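Architecture at a glance
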Amino acid sequence: MPKQKKANSDSFVFTNIAPQMDSFNQSGKGGVWGELENSLYDQTEMDRSRVSIIGGCIFHEDDREYRGYKIPTEFYKTIMYEESGKLKTKSFILTQDLSR
């Protein structure tokens, strides 16, 4: 299985699911979260390096609830990789618009 396909299948497990608007999540719809993922993959030579990507929710007291579960407005993503023998990281916080 190609590495990007494996990475995608590994990320879609129940414990890693959080509600996201499609206009935030899907790069095909101009979603900034999806565009960030694509950009990270494009900037990293995944076939020749080890890459760890960690992402999740940032919850706030005033987050909207749906059926008793909070819907996060903000998410973080951190990528860790090796470049020229040095460990490097990039971290991002992105906000989705829940006003619709």
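Scroll up to find the structure.
Predicted model, so just to flag it, every value in this text is computed and none were measured.

Rules used throughout
- Residues numbered from 1 in each chain as written.
- Predicted model: local features only at pLDDT ≥ 70, side-chain atom pairs only at ≥ 80, totals over all residues.
- Heavy atoms only, no water.
- Helix = DSSP H or I, 4+ residues; strand = E, 2+ residues; numbered from the N terminus.
- Buried < 20%, exposed > 50% of the residue type's maximum accessible area, 1.4 Å probe, protein only.
- Contact = heavy atoms within 4.5 Å.
- Pairing = 2+ DSSP bridges.
- Axes fitted to C-alpha atoms, helices over the stretch in contact; angles between N-to-C directions.
- Core = buried A, V, L, I, M, F, W, Y, C linked by side-chain atoms within 4.5 Å.
- Polar contact = N/O pair within 3.5 Å; in protein donor to acceptor, adjacent residues only side chain to side chain.
- Lys, Arg positive; Asp, Glu negative; His and termini not counted.
- Salt bridge = Lys/Arg side-chain N within 4 Å of Asp/Glu carboxyl O.

Our next topic: the overall build of the protein chain. A count of helical and extended segments in the protein chain gives three helices and five strands. Shown N-terminal to C-terminal, the secondary structure of the protein chain runs as helices and strands in the order α-α-α-β-β-β-β-β. Relative to its 100 residues, the protein chain shows a buried fraction of 22%. Excluding contacts between residues fewer than 6 apart, the proportion of contacts in the protein chain whose partners are at least 24 apart in sequence is 47%.

Another point: the pairing of strand S4 (residues 74-83). Moving residue by residue along a regular strand, the side chains alternate between the two faces of the sheet. Judged from the eight bridges that link them, strand S1 (residues 51-58) and S4 form a sheet pairing that is antiparallel. The partner of isoleucine 53 across the bridge, within S4, is isoleucine 79. Bridge count for S4 against strand S5 (residues 86-95) is ten bridges, and the pairing is antiparallel. Within S5, the position partnered with methionine 80 by the bridge is threonine 89. Connecting the antiparallel pair S4 and S5 is a turn made up of two residues, with serine 84 showing a positive phi of about 55°.

Turning our eyes to something else, we now look at the sheet that holds S4. Pairing within the open sheet is antiparallel, and its three strands lie in the order S1-S4-S5. Taken across any chain shown, the strands that pair with only one partner, and hence form the sheet edges, are S1 and S5. With direction set aside, neighbouring strand axes in the sheet form an average angle of 15°.

So, on to unusual backbone geometry. Within the chain, arginine 67 stands out as a residue other than glycine whose phi angle is a positive 50°. We classify arginine 67 as exposed; its relative accessible area is 69%.

Moving on, we get to the nonpolar core. Counting residues in hydrophobic clusters, the biggest one holds nine residues: Ala18, Phe24, Trp33, Leu36, Leu40, Phe75, Ile79, Tyr81 and Leu94. Among the secondary structure elements, those contributing two or more residues to this core are helix H3 (32-43) and S4.

Take the side chain of threonine 78 next. In this structure, threonine 78 sits in strand S4. Among the polar contacts made by the side chain of threonine 78, one reaches the side chain of serine 91 at a distance of 2.9 Å.

This next bit is on the side chain of aspartate 63. With respect to the helices, strands and loops of the structure, aspartate 63 is situated in the loop between S1 and strand S2 (64-66). No salt bridge is formed by the buried aspartate 63, whose closest oppositely charged neighbour, lysine 70, lies at an N-O distance of 5.4 Å. For aspartate 63, the side chain forms a polar contact with the main-chain nitrogen of histidine 60, separated by 2.8 Å. The contacts of aspartate 63, once residues within four sequence positions are left out, are Ile58, Lys70, Ile71, Pro72 and Thr73.

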